[in-house]
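The lines below spell out each chain.
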Amino acid sequence: MPNSGKFIVFEGLDGCGKTTQLEFLRERLASMCRPARVRKVFITREPSDSVPGLICRGISKKTIFVNRETEALLFAADRCEHLQNEVLPQLGRGNHVLCDRYYFSNFAYQSPETPMDTLLQYNAAPMELLRADMTIFIDVPPEECERRRAAERATEEKWDNVERAKGIREQYMAAFERLRETETVLVVNGMGDPKDIFESCWVKLNRMLLSEEDYR
Ligand code: TYD
């Protein structure tokens, strides 16, 4: 049984391109792993497919309405389900897990309506169980995210406007600053060719995180 795989989280505003980067990383890690493939690469996301996760998707698509405390708690509850049912078992098998959003999304999207101290309490269990080996924040200006989203999507999500997106970016930065001693966060400029953005992430990931052991 190999040691636990790495847990790498992607964060950013809707439309920042994190899903593309996550896919590039999946391909690269899978190609680096030895042919015997002791380690596999597992991709997942939050909100997950758990019962609270499905409700969270309804909240973000504005088909379900709850008060803000409940909203914050539901996203944290989904995280607990997701960790126990999917992420921890995969890591335990030695697989790498790449996750689209984790608790920093809660800190950014549900604050300041719910204060950060409260959100930290709601996320106490996930934070104790599993911190990301690295969180990669794909930093794209809110105006550009909005432009991309308008081009791609027909439906309007709950946080679908530039002013709100600016606030979410600020909350991300505040959370990174507040947790800088315990979290490893890489803020990457998300403007430019997606392949170039990935290569700059890869150089840093390799230097800071990965070793021979991870390619087993
Ligand atoms: P998103 O990654 O955009 O999924 P999809 O591609 O299916 O739209 O995530 C859905 C939304 O949920 C996104 O706008 C961010 C929001 N969200 C929170 O508000 N809090 C959280 O804790 C998480 C994980 C996501």
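Procedures and definitions
Residues numbered from 1 in each chain as written. Predicted model: local features only at pLDDT ≥ 70, side-chain atom pairs only at ≥ 80, totals over all residues. Heavy atoms only, no water. Helix = DSSP H or I, 4+ residues; strand = E, 2+ residues; numbered from the N terminus. Buried < 20%, exposed > 50% of the residue type's maximum accessible area, 1.4 Å probe, protein only. Axes fitted to C-alpha atoms, helices over the stretch in contact; angles between N-to-C directions. Parallel < 35°, antiparallel > 145°, perpendicular 65-115°, else oblique. Left-handed = near helix turned anticlockwise from the far one by under 90°. Contact = heavy atoms within 4.5 Å. Nonpolar A, V, L, I, M, F, W, Y, C, P; charged D, E, K, R; others polar. Pairing = 2+ DSSP bridges. Salt bridge = Lys/Arg side-chain N within 4 Å of Asp/Glu carboxyl O.

Caption draft 1: Highlighting unusual backbone geometry. In this structure, P47 follows E46 across a cis peptide bond, with omega equal to -5°. Cis geometry marks the peptide bond from S111 to P112, where omega comes out at 5°. Within the element layout of this structure, P112 appears in the loop between α4 (103-109) and α5 (116-122). Positive phi values are uncommon outside glycine, yet K62 reaches one of about 60°. Note that K62 resides in the loop between α2 (51-60) and α3 (68-92). A positive phi angle, close to 80°, is found at R101, a residue other than glycine. Note on placement: R101 falls in the loop between β3 (96-100) and α4. Judged by its relative accessible area of 11%, R101 is buried.

Caption draft 2: Here's a closer look at the packing of helix α1 (residues 18-32) against helix α9 (residues 194-208). Between α1 and α9, whose axes approach to 10 Å, the crossing angle comes to 55°. Considering the angle they form, α1 stands oblique to α9. Our pair here, α1 against α9, has a crossing hand that is right-handed. Each of T20, Q21, F24, L25, R28, L29 and M32 in α1 lies in contact with α9, whose residues at this interface are P194, K195, I197, F198, E199, W202 and L205. In terms of residue class, the contact of α1 with α9 is made up of nine nonpolar, two polar and three charged.

Caption draft 3: Up close: the pairing of strand β4 (residues 134-139). Counting buried positions along β4 yields six of six residues, so the element is predominantly enclosed. Of the two faces of β4, the one lined by M134, I136 and I138 and the one lined by T135, F137 and D139 are each fully buried. Two elements, strand β1 (residues 7-11) and β4, share four bridges in a ladder whose sense is parallel. Residue pairing across strands places E11 opposite F137, the latter belonging to β4. The sheet contact formed by β4 and strand β5 (residues 185-189) spans five bridges and is parallel. By the bridge assignment for β5, F137 is matched with V187.

Caption draft 4: Examining the pattern of salt bridges more closely. In the structure shown here, the tally under the stated rule is 16 salt bridges. Of the charged contacts, one joins R26 and E23 as a salt bridge, the two residues approaching to 2.8 Å between their closest N and O atoms. Here the residue R26 and the residue E23 both occupy positions in helix α1, the gap between them amounting to three residues, near one helical turn. Note on R26: relative accessible area 28%, which makes it partly exposed. Of the residues examined, E23 reaches a relative accessible area of 31% and is grouped as partly exposed. Its salt-bridge partner being R57, residue D49 comes within 3.0 Å of it at the nearest N-O pair. When its relative accessible area of 58% is taken as the criterion, D49 is described as exposed. Salt bridges sharing partners connect three or more residues here, namely E11, D14 and R101.

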